[in-house]
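So you can see what is in the structure, the chains are spelled out below.
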Amino acid sequence: MAKTKKNQDTEGQILEAAKEVFERKGMEGARMQQIADEAGINKAMLHYYYRSKQLLFEAVFKNAFALLAPQLNKVLNDDSSIEDKVKKFTSNYITFISEHPYLPNFIVQELNRNPKFFDKIQQSDGFPSLEKFNRKVSLEVEAGILKPIDGEQLFINILSLNIFPFLASPLIKGILGLDDEGFKDLLHRRKIAVSEFIINSIKK
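About the cut-offs
- Residues numbered from 1 in each chain as written.
- Predicted model: local features only at pLDDT ≥ 70, side-chain atom pairs only at ≥ 80, totals over all residues.
- Heavy atoms only, no water.
- Axes fitted to C-alpha atoms, helices over the stretch in contact; angles between N-to-C directions.
- Helix = DSSP H or I, 4+ residues; strand = E, 2+ residues; numbered from the N terminus.
- Parallel < 35°, antiparallel > 145°, perpendicular 65-115°, else oblique.
- Left-handed = near helix turned anticlockwise from the far one by under 90°.
- Contact = heavy atoms within 4.5 Å.
- Nonpolar A, V, L, I, M, F, W, Y, C, P; charged D, E, K, R; others polar.
- Domains from an automatic or database assignment.
- Buried area = accessible area lost by both parts, 1.4 Å probe.
- Salt bridge = Lys/Arg side-chain N within 4 Å of Asp/Glu carboxyl O.
- Polar contact = N/O pair within 3.5 Å; in protein donor to acceptor, adjacent residues only side chain to side chain.

**Student:** Explain the packing of helix α9 (residues 151–167) against helix α11 (residues 180–202) to me, and be specific about the residues and the numbers.
**Tutor:** Put simply, α9 and α11 touch, their axes get as near as 10 Å, and they point 165° apart. Our classification of the angle between α9 and α11 gives roughly antiparallel. The way α9 lies across α11 gives a crossing that is right-handed. On α11, the residues touching Leu154, Ile158, Leu161, Asn162, Pro165 and Phe166 of α9 are Phe183, Leu187, Arg190, Val194, Phe197, Ile198 and Ile202. Considered class by class, the residues forming the contact of α9 with α11 number 11 nonpolar, one polar and one charged.

Right, dumping it as structure tokens:
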């Protein structure tokens, strides 16, 4: 039986509240009562939808990853050049994560806390595949467009340079003396800086 709109609204409210609490407290520090309070419902209602904190955390995590996976897949599997992929990935990723800043820490936190759970995510529809990206890298290396480089290593370089500022934002703000607005400006400028750095390092 399909869920009623009221049930869907309540569940969405719970997931949004849980996301906020997990982001602030982490999996271990979060309490179901805190999530119920954040959602504006009683604890019994929360347990009606999610029997345990682990099940709720997994639901929030899946929703979070479902936002990110299409962004990765779109760039990895289109027919554009590696140079264009680097530019699009960097611009799209920084823009997207700037709108969902909790995602990188949220994903890394769960990967470190419960690596086996990621096996479930890996089997889901839409999980990013590097197969086409790797073939494109190999073709451009053979054509003399790129320096010899392994596609997987290149992908890790792209991901690392884009994700690190979000994971280390308090450290970066502190060292560079930036407030929130200054950090946003830094990220905006980084779209070009990262693209140029990677492209200049791999093109012949």
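Past the structure itself, the notes keep going.
**Student:** Quick rundown of the domain arrangement of the chain? Include the residues and the values.
**Tutor:** Domain parsing of the chain yields domain 1 (1–51) and domain 2 (55–202). Put simply, the middle of domain 1 and the middle of domain 2, counted by C-alpha atoms, are 29 Å apart. The interface of domain 1 with domain 2 comprises 14 residues on the first partner and 10 residues on the second. Where domain 1 abuts domain 2, roughly 1100 Å² becomes buried across the two surfaces, and 80% of that area is made up of carbon and sulfur atoms. On the domain 1 side of the interface with domain 2, the three residues burying the most area are Lys19, Phe22 and Met27, jointly 44% of the side's total. On inspection of domain 1 and its partner domain 2, the count reaches zero salt bridges. Taken together, the connections running from domain 1 to domain 2 amount to zero residue pairs in polar contact (both at pLDDT 80 or more). Those elements that place two or more of their residues in the side of domain 1 that touches domain 2 are α1 (5–29) and α2 (32–39). Of the residues that constitute the side of domain 1 that touches domain 2, the class distribution is nine nonpolar, one polar and four charged.

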